[in-house]
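Overview (structure and organization)
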Amino acid sequence: MIKLTDRYSLLFPALREAWYAIPLRLIVGYGFMEHGYAKLARGPDDFANILHALGMPAATVLSWATILVELLGGLAVIVGAYIPLASVPMMSVLLVAIITVHLPNGFSSIKLQSVTAAGAHFGQPGYETDLLYLAGLAALVLGGSGPFALDRLRRGSRQ
């Protein structure tokens, strides 16, 4: 007897590929790059001041390290290159953000406080979004970077 998942694989052989990885790579990679770019655009010194206020040591070094991890790690995820390696510092940035900033705000990333003529006003975000990014990175590490990934091209050229 053919299972339902086998039937879909027979009808659509491409489903055996990890196609889920493409939209996951795009959103996780873009999200990281957007956060890194925002820190860079506002000025690494502004982000260093925030890190200093949080009591982080070597705030300037950590500011640049975070920006580079977000920009370069995000790019690596988008193109599907060295995802297991790139995920380690990316996950570290997320865990530090959860512990130092978001944990006291609870789980939810959306805290609607009021709606006025000027628009919606939100409270401080919780750690929900950070967990989603962690889950996305974990899925890519465990399931692979999928089709159209540089990792796949690199592996293919070695074989």
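Heads up: the structure comes first, above all this text.
To keep things clear, this report deals only with the structure shown in the data block. (Residues numbered from 1 in each chain as written. Predicted model: local features only at pLDDT ≥ 70, side-chain atom pairs only at ≥ 80, totals over all residues. Heavy atoms only, no water.)

1. What about the packing of aromatic side chains?
To keep it simple, the criterion reads: Two aromatic rings from Phe, Tyr or Trp, using only the six-membered ring of Trp, form a pair when their centres are within 6.5 Å; if the ring planes differ by under 30 degrees the pair is stacked, by over 60 it is edge-to-face, and anything between is tilted. In DSSP terms, a helix is any run of H or I states spanning at least four residues, a strand is any run of E spanning at least two, and both are numbered starting from the N terminus. Look at NZ for Lys and CZ for Arg. If either is within 6 Å of the ring centre and within 35 degrees of the ring normal, a charge sits over the ring.
Evaluated as defined, the whole model comprises 3 aromatic pairs. Between the aromatic rings of Phe-107 and Tyr-127, the centroid separation amounts to 5.5 Å while the plane-to-plane angle is 80°, which identifies the pairing as edge-to-face. Here the residue Phe-107 occupies a position in the loop between helix H5 (83-102) and strand S1 (112-116), and Tyr-127 occupies one in the loop between strand S2 (119-122) and helix H6 (128-143), the gap between them amounting to 20 residues. Across the ring face of Phe-47, the terminal group of Lys-39 is positioned such that the distance to the ring centre comes to 5.1 Å.

2. A closer look at the side chain of Ser-87
Which entries qualify depends on this criterion: Three exposure classes are used, based on accessible area relative to the maximum for each residue type with a 1.4 Å probe and protein chains only: buried under 20%, partly exposed in between, and exposed over 50%. Every residue pair with non-hydrogen atoms within 4.5 Å of one another is taken to be in contact.
Within the element layout of this structure, Ser-87 appears in helix H5. A relative accessible area of 1% places Ser-87 in the buried class. When neighbours within four sequence positions are excluded, Ser-87 is seen to be in contact with Leu-137 and Val-141.

3. Considering the layout of surface pockets
A probe matching the size of a water molecule, rolled over the atoms, marks out where space remains unfilled. Heads up, the rule is: Only protein atoms enter the calculation, which uses a 1 Å grid: trapped sets of points that fit a 1.4 Å probe without letting it out are cavities, open sets showing protein on both sides within 12 Å along at least five of seven lines are pockets, and any residue with an atom within 4 Å of a point is a lining residue. Grid points are joined across faces, edges and corners, and a volume is the space filled by probe spheres set on the points. Residues are sorted three ways: Asp, Glu, Lys and Arg are charged, Ala, Val, Leu, Ile, Met, Phe, Trp, Tyr, Cys and Pro are nonpolar, and all the rest, Gly among them, are polar.
The space that makes up the largest pocket amounts to roughly 940 Å³. Lining the largest pocket we find 33 residues, and of these Lys-39, Phe-47, Glu-70, Ala-97 and His-102 sit closest to its centre. Taken together, the elements giving at least two residues each to the lining of the largest pocket come down to helix H2 (21-42), helix H3 (44-53), helix H4 (59-79), H5 and H6. Top contributing element to the lining of the largest pocket by residue count: H5, with 8 residues. Partitioned by chemical class, the residues of the lining of the largest pocket number 17 nonpolar, 11 polar and 5 charged.

4. A few points about the pattern of salt bridges
The condition is simple: Counted as salt bridges are all cases of a side-chain nitrogen of Lys or Arg within 4 Å of a carboxyl oxygen of Asp or Glu.
Scanning all chains against the criterion turns up 1 salt bridge. Of the charged contacts in the structure, one is a salt bridge between Lys-39 and Glu-70, with a shortest N-O distance of 3.1 Å. On the criterion of sequence distance, the pair formed by Lys-39 in helix H2 and Glu-70 in helix H4 is long-range, its members being 31 residues apart. Taken individually, Lys-39 and Glu-70 each receive the classification buried, so the pair is uniform in this respect.

5. Regarding a nonpolar patch on the surface
Heads up, the condition is: What makes a patch is a set of residues exposed beyond 30% relative accessible area and free of salt bridges, joined within 9 Å when like-charged and within 5 Å when nonpolar (Val, Leu, Ile, Met, Phe, Trp, Tyr). Throughout, the Shrake-Rupley method with a 1.4 Å probe supplies accessible areas, and for residues the shown protein chains are the sole cover considered.
On the surface, a nonpolar cluster with roughly 510 Å² of combined accessible area is contributed by Tyr-37, Leu-40, Trp-64, Leu-68 and Leu-72. Among the elements of the structure, H2 and H4 are those that each provide at least two residues to the nonpolar patch. The element that contributes the greatest number of residues to the nonpolar patch is H4, accounting for 3 residues. Mapped onto the fold, Tyr-37 is located in helix H2. Taking relative accessible area as the criterion, Tyr-37 reaches 52% and is therefore assigned exposed.

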